[in-house]
Amino acid sequence: MTDPDLLQLQSESVASIAKADAATLEALRVGLLGKAGQITALLKELGSMEPEARKVRGAEVNELKAVVTSALEARKAVLDETALSLKLQAERIDISAPPRPEGLGCIHPISRTMEEIAAIFGAMGFTIKDGPDIEDDWYNFSALNIPAHHPARAMMDTFYLQANPGVRPPVLRTHTSPVQIRTLLKEPPPIRIIVPGRTFRADHDATHSPMFHQTEGLVIGKGITLAHLKGCLIDFLRAFFDNPDLPVRFRASYFPFTEPSMEVDIGWNRKTGEIGKGTDWLEILGSGMVHPNVLANCGIDPREYQGFAFGVGIERITMLKHGIADLRLFYESDVRWLRHYGFSALAPAMLHEGI
Ligand code: PHE
C-alpha cells in the first residue's frame, strides 16, 4: 500500500479497533464497512475508474479492507472471550457447599442385625437367598411336611389371601422356611444358604408384630450331622453376641420339618437382662436335622444327602443384644428412637473378623 491516505486510515482504524469495547467496535465496523462506511465508499469509487488505475487502486483498497476486517474479528474474539469468562464466573456453582448435616440418617437396628448375620455366615461360606412374601400353601406348609389339617398348622397364626375356588389360598409366609423348598428344588447339593426376610403372623403385643423378620439357615451335603449344626450355631451366637464364652444349650423340641428338632437357648440373667451371665436360659431359635420327607418332597434322596436347618427371629435377637424392650417401636419410625438405637452408615458390620 502506497497511498498515504489509505495508510493513515488503516493505522487509525486498527488503533481504535484494538482498544474498542463491544459497542464502539460495532460503531467502528459500521463506520468503515457498513453501507455508508468509509471503506465501502472507497470501493464504490472504483467503479468509475479506468481499468488500469482501478486495478492498482482496487488492490490497495482491498488490502485495507482485509486488514481492517481481520482487526475487527480479532478484537471481537477477545471481547467475546472476556464476556464469557465473566459470565462463567458470575454463574459458577459453589460445589464446595457443605454436605447435609451429619447424623440425619442411620441404619435401622433390624438392617444392622441382618448385615451382621450376613457377615458372620458369609465368613462360614454361606450365600444369601430370598423368596416371595406371598407364598403358595405348598411351599409354606405341605412341602415342609405340614400336611393339610395337620395340627402343626395351628402353630402359626396365618394370614390367608383370597383364594380361587377349589385351591388352597395363598398365604403371607409365616416363616422363611419355604425358601428351603425353593432352593432344594432349584439347586443341587451341597447347599449352604441363609435367608433373611419378612414374615407374617396374626399376633400383636410387646414381643410380637404381625410383620417381623427371620433368617433361615439351610445346609445340605453328604454326611452332615447334628455336630455340624451345633458347631455352626454356637459359633454364630458367640460371634453375634460378641461373647466367646456365651453358654449355649440345645433342647429337644418339635418342628414338622426337622427330625430331631432342637430349640437353642443362651445363658442370661433373667433379673438384669444380661446376656451370657447368670444361671437362666433364654430360648433364642429353632433348629434341627432336615426331615427326610422334606428332602424327598424336593426330589433329593435322604439316604444320600443330609443336612440341618434353623430359623432365628431377627427382632428377638436385636432386642436382646441392644436392650430394646418393646418390639413395636421397631416400626413406629420415631426419629428420636431411630437416632438412639440406629447405627452409623459409616460403621459396617465387621463381626466376621471375630470368627
Ligand atoms: N420355621 C421355624 C419357625 O418359624 C423355625 C425353624 C426353621 C425351625 C428351621 C427349625 C428349622 O418357628
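On a predicted model such as this, the values are computed, not experimentally measured, just so you know. Within each chain, residue numbers correspond to sequence positions counted from 1 in written order. Note on the predicted model: pLDDT of at least 70 is required for a residue's local features to be given, and 80 or more for side-chain atom pairs to be given and counted; whole-chain, interface and lining totals, by contrast, use all residues. Side-chain descriptors were evaluated using all non-hydrogen atoms of the structure, hydrogens and water having been removed beforehand.

Caption draft 1: Summary view of the packing of helix α1 (residues 4–19) against helix α2 (residues 22–33). Structural elements are reduced to axes, namely lines fitted to C-alpha atoms, with helices fitted over the stretch in contact, and the angle between N-to-C directions of any two is expressed from 0 to 180 degrees. The helix count covers DSSP runs of H or I at least four residues long, the strand count covers runs of E at least two residues long, and both are numbered beginning at the N terminus. One can describe the packing of α1 onto α2 by two numbers: an axis separation of 10 Å at closest approach and a directional angle of 160°. The angle between the axes of α1 and α2 places the two elements in the roughly antiparallel class. By crossing handedness, the relation of α1 to α2 is classed as left-handed. Judged by residue contacts, Leu9, Ser13, Ser16 and Ile17 of α1 engage Leu25, Leu28 and Leu32 from α2. Looking at the contact of α1 with α2, its residues break down into 5 nonpolar, 2 polar and no charged. The cut-offs work like this: below 35 degrees is roughly parallel, past 145 is roughly antiparallel, 65 to 115 is roughly perpendicular, and the gaps in between are oblique. Each helix crossing is assigned a hand: it is left-handed if the near helix lies turned anticlockwise from the far helix by less than a right angle, otherwise right-handed if that turn is clockwise. Any pair of residues with heavy atoms lying within 4.5 Å of one another is described as a contacting pair. When residue character is reported, Ala, Val, Leu, Ile, Met, Phe, Trp, Tyr, Cys and Pro are called nonpolar, Asp, Glu, Lys and Arg charged, and the others, Gly included, polar.

Caption draft 2: The sheet that holds strand β5 (residues 211–221), seen in detail. If you trace the 7 strands from one edge of the open sheet to the other, you get β1-β4-β5-β9-β8-β7-β6, paired in mixed fashion. Both outer strands of the open sheet, β1 (127–128) and β6 (248–255), are each paired with one neighbouring strand and no more. Packing of helix α5 (residues 109–123) onto the sheet brings it into contact with β1, β4 (191–200), β5 and β9 (306–313), and relative to β4 it is tilted by some 170°. Strand pairing is defined by DSSP finding a minimum of two bridges between the two strands.

Caption draft 3: Structural context of unusual backbone geometry. Following proline 189, the chain continues into proline 190 via a peptide bond in cis, with omega recorded as 0°. As for its placement among the helices and strands, proline 190 is situated in the loop between α7 (178–186) and β4. Cis geometry marks the peptide bond from glutamate 259 to proline 260, where omega comes out at -5°. Mapping proline 260 onto the fold places it in strand β7 (residues 258–268). Not every positive phi belongs to a glycine, and aspartate 242 is a case in point at roughly 55°. Topologically, aspartate 242 is positioned in the loop between α8 (226–240) and β6. Notably, serine 333 is not glycine yet its phi reads approximately 55°, a positive angle. The topology assignment puts serine 333 in the loop between α10 (314–322) and α11 (335–341).

Caption draft 4: Representation of the nonpolar core within the structure. Core analysis: the largest hydrophobic core is formed by 39 residues, its most contacted members being Phe121, Phe236, Leu237, Phe241 and Ile284. Counting residues per element, the ones that place at least two in this core are α5, α8, β6, β7, β8 (280–290), β9 and α10. Among the elements that take part in this core, α8 stands out by supplying 7 residues, more than any other. Each nonpolar core is a collection of buried residues, namely Ala, Val, Leu, Ile, Met, Phe, Trp, Tyr and Cys, held together in the definition by side-chain atoms within 4.5 Å. Relative accessibility decides the category of a residue: with a 1.4 Å probe and only protein chains considered, values under 20% of the type maximum give buried, values over 50% give exposed, and everything between is partly exposed. Judged by nonpolar contacts, the second largest core, of 24 residues, contains Ala143, Phe255, Phe257 and Tyr305.

Caption draft 5: Local environment of the packing of aromatic side chains. Two rings belonging to Phe, Tyr or Trp (six-membered ring only in the last case) form a pair when the distance between their centres is within 6.5 Å. Interplanar angles under 30 degrees mark stacking, angles over 60 mark edge-to-face geometry, and anything in between is tilted. Enumeration over the complete set of coordinates arrives at 11 aromatic pairs. On the basis of an interplanar angle of 50° and a centroid distance of 6.1 Å, the ring pair of phenylalanine 330 and tyrosine 331 is categorised as tilted. Classification of phenylalanine 330 by relative accessible area gives buried; the value is 3%. Taking the relative accessible area as the measure of exposure, tyrosine 331 reaches 29% and is therefore partly exposed.

Caption draft 6: Up close: the domain arrangement of the protein chain. Residue ranges for the domains originate in an automatic or database domain assignment. Looking at the assigned domains, one finds that the protein chain contains domain 1 (4–90) and domain 2 (109–341). Of note, the centres of domain 1 and domain 2, computed from C-alpha atoms alone, are 88 Å apart.

Caption draft 7: Seen up close, the site of the ligand. Note on definitions. A residue lies near a molecule or strand when any single heavy atom of the residue is within 4 Å of it. Lining the immediate environment of the ligand, one finds 14 residues, of which His175, Ser177, Arg201, Gln214 and Gly311 sit closest. Contacts to the ligand include histidine 175, whose side-chain N or O atom sits 3.0 Å from a nitrogen atom. One nitrogen or oxygen atom from the side chain of serine 177 is found 2.9 Å from a nitrogen atom belonging to the ligand. Computed with a 1.4 Å probe, the accessible areas rest on the Shrake-Rupley method; for each residue, only the protein chains presented here act as cover. Out of a free accessible area of 320 Å², the ligand has 92% covered by protein chains. For the shell around the ligand, the secondary-structure elements that each account for two or more residues are β5, β8 and β9. The element best represented in the shell around the ligand is β9, accounting for 3 residues. In protein, a polar contact means a hydrogen-donor-capable atom and an acceptor-capable atom, both N or O and within 3.5 Å, with residues adjacent in sequence counting only if both atoms are side-chain atoms; elsewhere, any N or O pair within 3.5 Å suffices.

Caption draft 8: Structural view of the pairing of β8. Burial runs high along β8: 8 of the 11 residues are buried. Bridge analysis of β7 against β8 gives 9 bridges, and the strand direction is antiparallel. Bridge pairing in β8 places serine 261 opposite glycine 288.

Caption draft 9: Up close: the packing of α2 against helix α3 (residues 38–46). Packing of α2 against α3 leaves a shortest axis separation of 3 Å and a crossing angle of 15°. Considering the angle they form, α2 stands roughly parallel to α3. Contacts between α2 and α3 involve Gly31, Leu32 and Leu33 from the first element and Gln38, Ile39 and Thr40 from the second. Classifying every residue of the contact of α2 with α3 gives 3 nonpolar, 3 polar and no charged.

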